[in-house]
Structure formats: structure tokens, C-alpha cells
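Architecture and fold: a report
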Amino acid sequence: MKTSTDTMALYRDDDDEQIIEPVGYDFGLTRRTFVQVLGAGLLIAVAAPSIAQAQESGVGGRRRGGGGFTGSSKPVPLDARIHIGKDGAITVLTGKVEGGQGARAEITQAAAEELRVPVDRVTLLMADTELCPDDGFTAGSRTTPSTLPSIRSGCAAARQLLEKWRGGDESKTYADLAAADAKSLSQVPGTDVQITPTSEWKALGKPTARPNGRDILTGAHKYPSDIIRPGMLYGKILRRPSYGAKLTDVNTDAAKAMEGVDVVHDGDFVGVAAPNTSIAKAAIKAMEDSAKWDQPPHPSSKQLFEYLKKNTKGGVPANPFADEVSGAAKSLRAEYHVPYVQHTPMEPRAAVAEWDENGKVTVWTATQNPFGVRRELANAFHVDESTVRVVVPDFGGGFGGKHTGECAVEAARLAQAVKQPVALQWTRAEEFTWAYFRPAAVIECQASLDASGTLTSWHFVNINAGRPGVESPYRCEKKNQQAVDSAPPLRHGSYRALAATANNFARESFIDELAAATGKDPLAFRLDHIEIDRLRAVLEEAAKQFGWSDRRAKQRDANVGVGLACAMEKGSFVATCAEVEIDPAKNVARVRRVVQAFECGAITNPSNLQSQNMGAIIQGLGPALREAMVFEEGKIQNASLWKYEVPRQADVPVIEVYLVNRPDLSSAGAGETPLITLAPAINNAIFDATRKRLREMPLRLA
Amino acid sequence: MQGVEAKFTVNGKPVSVTTDPNRSVLEILREDLQLTGTKYGCGEGACGACTVLVDGKPKFSCSTLLSEVVGKKIVSIEGLASGETLHPVQQAFLDEGAYQCGYCTAGMIMGAVALLEKNRKPSDEQIARGMNGHICRCGTYSKIVAAVRKAAEAMPQATEAKS
Ligand code: FES
Ligand code: FES
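Residues numbered from 1 in each chain as written. Chains lettered and ligands numbered in written order. Predicted model: local features only at pLDDT ≥ 70, side-chain atom pairs only at ≥ 80, totals over all residues. Heavy atoms only, no water.

Comments concerning the domain arrangement of chain B
Residues and elements named next belong to chain B. Formally: The domain limits used here are those given by an automatic or database domain assignment. Here, two residues are considered to be in contact whenever any of their heavy atoms come within 4.5 Å of each other. Buried area is understood as the total, over both parts, of accessible area removed when two parts are fitted together, assessed with a 1.4 Å probe. Salt bridge, as used here: a side-chain nitrogen of Lys or Arg that lies within 4 Å of a carboxyl oxygen of Asp or Glu. Throughout this description, a polar contact denotes any pair of N or O atoms lying within 3.5 Å of each other; where both atoms belong to protein, one of them has to be capable of donating a hydrogen while the other can accept it, and for residues adjacent in sequence the pair is counted only when both atoms sit in side chains. Secondary structure elements are taken from DSSP: a helix is a run of H or I of four residues or more, a strand is a run of E of two residues or more, and numbering for both begins at the N terminus. By the convention adopted, Pro, Cys, Tyr, Trp, Phe, Met, Ile, Leu, Val and Ala count as nonpolar, Lys, Arg, Asp and Glu as charged, and the other residues, Gly among them, as polar.
Taken domain by domain, chain B holds domain 1 (4-79) and domain 2 (88-162). With centres defined by C-alpha atoms, the gap from domain 1 to domain 2 works out at 21 Å. With 15 residues of domain 1 at the contact, the number on the domain 2 side is 14 residues. Considering only the surface of domain 1 that becomes buried against domain 2, Thr-51, Leu-53 and Ile-77 emerge as the three largest contributors, covering 36% of it. Inspection of the region where domain 1 meets domain 2 yields zero salt bridges. Inspection of the domain 1/domain 2 interface yields four residue pairs in polar contact (both at pLDDT 80 or more). Elements with a minimum of two residues in the side of domain 1 that touches domain 2: strand S3 (51-54) and strand S4 (57-60). When its residues are assigned to classes, the side of domain 1 that touches domain 2 shows nine nonpolar, five polar and one charged.

Concerning the pattern of salt bridges
All names here are of chain A. Using the following cut-off: In this scheme, a residue with accessible area under 20% of its type's maximum is buried, one over 50% is exposed, and one in between is partly exposed, where area comes from a 1.4 Å probe on protein chains only.
Across all of its chains, the model carries 55 salt bridges over all chains by this definition. The residue Arg-693 makes a salt bridge to Asp-512 at a minimum N-O spacing of 3.4 Å. Of the two residues, Arg-693 sits in the segment after helix H20 (678-690) while Asp-512 sits in helix H15 (residues 499-518), which places them 181 residues apart along the sequence. Residue classification places Asp-512 among the buried positions, given a relative accessible area of 5%. Among the charged side chains, a network of salt bridges with common partners joins Arg-507, Glu-508, Asp-512, Arg-526 and Arg-693.

Focus on the layout of surface pockets
Cut-off, in case you're wondering: A cavity here means a set of points on a 1 Å grid, drawn over the protein atoms and nothing else, where a 1.4 Å probe fits but cannot get out; a pocket is an open set with protein on both sides within 12 Å along at least five of seven lines, and a residue lines either one if it has an atom within 4 Å of a point. Grid points are joined across faces, edges and corners, and a volume is the space filled by probe spheres set on the points.
Quantified by volume, the largest pocket comes out at close to 1,200 Å³. Lining the largest pocket are 49 residues, with A:Asn276, A:Thr277, A:Ser278, A:Lys281 and B:Glu27 sitting closest to its centre. Put simply, the parts of the chain that give the lining of the largest pocket at least two residues each are strand S6 (233-237), helix H9 (277-290), strand S12 (350-355), strand S15 (422-425) and helix H14 (428-434) of chain A together with helix H1 (25-32) of chain B. Looking at the lining of the largest pocket residue by residue, the classes come out as 23 nonpolar, 14 polar and twelve charged.

Looking at the packing of aromatic side chains
Residues and elements named next belong to chain A. For the record, the criterion: Only the six-membered ring of Trp is used, alongside the rings of Phe and Tyr, when aromatic pairs are assigned; centres must lie within 6.5 Å, and planes under 30 degrees apart are stacked while those over 60 apart are edge-to-face, with the rest tilted. Only lysine NZ and arginine CZ atoms are considered, and such an atom sits over a ring when it is within 6 Å of the ring centre and within 35 degrees of the ring normal.
If you walk through the whole model with that rule in mind, you get ten aromatic pairs over all chains. Note on Phe-432 and Tyr-644: the rings are 5.0 Å apart at their centroids and 55 degrees apart in plane angle, and the pair reads as tilted. Of this pair, Phe-432 sits in helix H14 while Tyr-644 sits in the loop between strand S23 (635-636) and strand S24 (654-660), placing them 212 residues apart in sequence. A residue is classified by how much of its surface remains accessible, and Tyr-644, at 1% relative accessible area, is buried. Through pairs of rings, three or more aromatic residues link up here, namely Tyr-340, Phe-437 and Phe-631. Looking at Lys-172, its charged tip hangs above the ring of Trp-165, at a distance of 4.9 Å from the centre.

Focus: the environment of B:Cys62
Residues and elements named next belong to chain B. Checked against the element boundaries, Cys-62 lands in the loop between S4 and strand S5 (73-75). The sequence separation of Cys-62 and Tyr-40 amounts to 22 residues, and the corresponding C-alpha distance is 7.2 Å. Aside from chain neighbours lying at most four places away, what touches Cys-62 is Ser-24, Leu-26, Gly-43, Glu-44, Gly-45 and Cys-50.

Side note on H1(B)
Of all the eight residues making up H1(B), seven are buried; the element is thus mostly covered by neighbouring parts of the structure. For H1(B), the complete set of buried residues consists of B:Val25, B:Leu26, B:Glu27, B:Ile28, B:Leu29, B:Arg30 and B:Glu31. Where H1(B) is buried, its residues meet S6 and H9 of chain A together with strand S1 (4-10), strand S2 (13-19), S3 and S5 of chain B. Where H1(B) ends, the next residue or the one after it, B:Gln34, has phi of about 55 degrees, a positive value.

So, in C-alpha cells, the structure goes:
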């Protein structure tokens, strides 16, 4: 396998900063910083196509709420990727973050593979904007397809350098290489880089535990909310009482009079820094009581779907195949609804900000987009990005919900004013209200069938949620598939799998309606219309492992039903079979068993892939059965984990995940696709049990 | 608020803080004692992330006031391992890979320790019920049950949780 990485520059970051191969690149960082953090040694930079640039300007990059990040503004021609200390310590640098999705283990594995060293020899330095290359944001299942190749080719380059330099003398190690004199290195010719083919993988493709797992289990790991700096104060913000509210008056005297409290009042921004959180809370409370607000009207979640339809930009598109429909043997039309939900990571937004005497600010925070947050900070304070450093310690969950830097900016504003480091952690209620949401959707579906039960036209319009997953994989000559904008009442943005969940919920439920209308088995109806082999393969695998035909044939308890769904998204393929049981007394559905087949090309870390699938299924249970934001008069009414009920241990069904490995194909990311077929599979199972067709998430019988 | 002196032990060490007795134990651990292993997830007893042992019983430290622990023995996640040797529950979580982001994990482990102290041979059903107060958003629930089961097997030889 050849890669496009053909330029390699070598820096020796010794005290004398001797440059081995002068290159005309702007490194965008000081070698001194590297020496400070990593010590003297050899720094290997790799020119690779900028990942940030290659990334589209956002996951489903339409007018997503918040952030305002759109790819990288500045090309990064040369990425410092690998540092080899004189003691042989190997540090690999990446702008990717670890929020539980397994990037740390996977990237470490990839580096070890190419460097031909054991996994524990490699330390991964992640997401420090001062040191790491801009690998874009960690989202959209892109770590595997886009970061791994550049890490691998960089490490392969380092290995080849070592091999050439030692000229067959196996006793020479990376440590010797790092300590070698500059001249001997400059004589090593550059070359095309060979990365290890799948068949020869030793580290990749194997289950690998998270390198810092032990620190997580002992409480030693410092999450963003755990960072403590000398002289640090605790911050809190005066929040608006409703969306769009404007502060007209506030009395800060009582808060200011509290011991150790600093009040920062700058336009609509009112916050405090205090010696501890309780005092900060008391100070905010004192101001809340006196604050006066202008509160504009805001729609209620009760009218959400009507509101979205009414505000559709350009009106709701009509079906261009109306003639086809009216002349068809059969046709069906249905409208599906998906409410706002939230990511609800276990760690709410948190940041610690510290300014130095030269006006440079460092912020430790959780974000899936460290360079975007650096930009956000630079914009907020009208400073150059070079004076902002964002460090992202491994954090407590993102799921697409931490692309922005609101909390980082707030902490930095407080810290700037009080000239001391300030920690700010959002409360759960703040997270529920002021973070962003997965977009709500209205989805209109209409299809026609001929006498043999074959699709003849397909009309599918998503209002408000976006394009991902709007494309149907089923064969049909006349397809109209659109995503149109509306005027979203809540600030929405990315979410694990984004609109693919809404679109697949609607499509896979609607396909079931069509199968029922033709009297065909839902599996047979799908297989009749699928041309893509990889999709067919996962669907057949899931059905086989579930025992679909037996389950359908058998006489069953009236309160039990089975359903299935399949989808393809971002280069991976998924099919899910679900069994539900209806509790007639409570009139709720309980999911008893989920069987999922998943294929994303060559498997790089099977245990992580299992975890990703399991996690996605469990996370998907929430919006499928219970989760929905309730709002009224501009206030979230269920901003609490008591009221917004995420899945718990007792909700967990029997889950079986079958991974289909395709070592002949390149690896696609797997963070999202495993989520998207759960809700429709459950919905179809509810229909099977009750003959009642639900068309709105969460799936409530009553 | 007038500061009051409160004495108690944390992970076997006597501590004394002089502060508002109505502050939560979670805040005292994290902000005054710099023991940040115990996490905030909701602040209202709904998620279990902040679980510690108080005189051997599991408590949500976010909803426990400093005044309630005066004279008591607190064990937090930092106090479970003895030196390099992990507590059997920690070891089982490590072996089973029963964590993803790990933010819920400290609370999960403390909850599991308390569960196993009461019942050395819990059924899967009892584990699921016993751990139902703990939320994991990364969806590691199945592995957590497996880890608790595994720890249960290792526990008879283990010593009681330190206090
Ligand atoms: S933080 Fe204490 S239970 Fe959630
Ligand atoms: S491992 Fe992330 S919340 Fe449990």
C-alpha cells in the first residue's frame, strides 16, 4: 500500500535547535515548546493532505447551531507527528480527542503497528493545539478513515528512516536514532512510504485496552472538570430565564459584597468567580433575585411539528410523482415525527481558563473540535489564534454534543477579569438548556407500488433535520429525496449519526408499512428491493442470527413482536432485529432482545467495535422509547435526569452484535451507523405485536 | 456563611475542614481536598457518578451535606487500591473493559463495591437492580454486569474495603 506521504522533514529539537533538513514550511509552532514538553530528541514531521481541510465544513454541515466552525482556516502543510526522545520514548501527536469512543487505543495501535514496537512503547499526545496537528474535529466517524492513514504513514516513515540509517545493524534502536548526529541523518534519502498491509498486522486488528485505562479506574485521570490550577477560583454564570431573554436590569451589590466574590458584568454576560462553588451559587442567586428581563415569546414543544411544517423554507415540497401515485395499484402516504433530544454526556461542559502576563490564554476543556474552540476563543477576545492554547484532556462523553466552546469562552472571560485561573462546570440543568440539541424533524413519505408489490415511486422529504440518511438504498426508478430547512425553535447541532437516525426511522418504518400493504414478509420485501451486496449481507446475517423466519412463523404470545431494519451510512452497513414485549398494564413496550449485524470494512480493533455497537444500541434506546425535550415559554421543562430519562441498567435488553469483517476493504468509522436502525426495528416490532403503527419518536403506546 | 470545623476521615486519613457545613460532600472532596476522582453528573441523586462510601454504605456525595459526615469514614475511588494492587472490583472493570469514557466509572465501582459487600453472590438480575441508580451514557451496562460478576468471584479472598 502506498500513500501520498512523500515529504518528510526532520527537526532536531535539541537546545541548539539544529535543523537537519531545512524546509520552507511555516511550522506554526515553536520548537522550544516541544522541547519543554517532550524533551530533546528527534521530531519527525510529515507533509500529508490536511485532514482538517479534507473534512467537509461540518458533519452534515448546514446551518448547524453554534460554534461557527467551518473546517480549517489555515492550511497546515507540515504536521509534526512523532517525537523520539533520546531515551527512546516515542510520542505520537494527534489533534484528535478521546471522549470514550476509543480513539486513543486505536491511534496508539496504528502507530505501534507502523513503528514495529509494542503498543506500550507509544505515548499518544492528544488535542493540545500548541503541539498537535489539526486533525479536524473528532466526529462523523472520521477518525478511522482519515486520521489513521496519516498517523500510519508518518510512523512508517519514521521506521523506514531508522532502517535506512542503521543499514542492517539491528542493535541500533530508536533511541540511538534520536541521539545520532545530524549529518548521518541528512544522508538518508527520502522515499515513498510503505504502510503495513492488513495481512501483516500485528497490533492493529486486535482487541486493545485503553492505554490510560488504569488511571480511569483509580480516579487518577484528570478530566476537564478535574483540572486544578494554583490560585484557581470557581465560576458561575447568571443564566437567562428563557430563550432569547434580554437583561434589562440587575443589581450586583449583594453579590459583590460576598467574601471572595468577583462579579464580572459585561453587557448581557454576568458571571462570578468565587473561592468555591457554593459561594459562587449564592452570589448568582443574589443577582437572580434582582435581575429584570425582556422575555420574547417562544413556541412550545406541543406545537413543534406544526411549527416546523409551517416554517418550512420555500414551503413543503410536493411529490413530483403525483401521477404515478394516482395511477398505481397501491400507494401509501405517512408523516413521521422526531423530537429534539440531547446528547446528555455524563460530564457536562467544563473548562478551566488561565491567562498569563503576556496576554496568552490556556483553556483546558472538553470539545470534539479543539482547533475550532481555539478559533472561537480568538474571535471572542479579538486576539490572534497564536495567543490561545486549547488543551483537551480525555473527557466524559461527547456523542456529537461537544463541538463548541461556550463554556471555554465563559471561563476565559471570568479568568481574564479576575486575573486568576477560573474553573467553570455547567450544571446538568445548564447542559440540558444551553448546550445544543439533535434537530427535530418532520418527515413526509409517499410511495407507490405496482400489482406485484414492487416500488414504482418514492417521495421522501425531511423537514429541519438534514440530509444524512435521506437517500434510500431500495431500488426504485422514480425517487425524490430531499432535506429542507425550517426555522428551528431550539439551537440544534451535531449528534451521533445526526439526521441519519430520523431519516432511517422514517424510511425503515415506512418500508414496513409498504411490506404490510403488499402482504409480504418485511425481510422478503426488503431483499426484493436491495441491490447493494454489503447491505444484503448484513441484513441476512442479522436475520439468520436472530432466527427471523422461525420467529415470524411461530405462534406467539399476543404481546410479543419482532421487527427489523437495515441501513447504510458513511461507508458502513448495519441491520438490526428486535423483539419487544408489550406490558398491557402499563401500555409500554420493553425491548427484550436486539441482534445487530455490522460491517465497516477491515476491522481495526474488534473489542472497541463491539463496545461502539453496544453503546450505540443502548444510547439509541433512549430516544426510541423515552427521550424528548419538553419546552414551554422558552424554558426546558425536563432539564433533569429525573425527568429526561436516559437508559439505565434495567432497560438493557439481551444484545448480540455480529461483526462482519471485510479485510479486503478499507476501514470506515463506526461511531454512528450502529445507532440508526434500532428505533425503526423496535417500531416494526411494536407493530408486529399490536398492529398499531406508531409514527413518532419516542415510541409511546399511550 | 460562618465556617464551622468538621472532622472526618477520607480513605483512612483524618481530615478537618472549616467551612459552610451545608456544602455537599462532593464539593468538599473535589474543591477543598482536591480529590477529583469522584464526579459530578447531576447534583440531584439521579445518576450515581458521585457515589462514595460513608461508613461502608453507598451515598450520593452530591446530595450528602458536610454536616452529615462529621465523625464518619468516607472512602472514595482514590482509596480503593492498595498501592499498585487494584481492588478486585477495579481489576474486574479493567479486565472486562467495562468503561468507555470512564466518567461514570468511579461511581459505578463504588456502587459495585457496596453491592458486593452486602451480597457476595449476586445474580445478574440483582446486579442490574443494584446498579440501576448509576447512569452510563456510553452504554457499557452489559460489560458492567460482567465485571461485577467477575469481581464477585474474586472477592471472597479480598479484604474488606478500607475505611
Ligand atoms: S452527581 Fe450525584 S447522583 Fe448525580
Ligand atoms: S463510560 Fe462513559 S458514561 Fe459510562
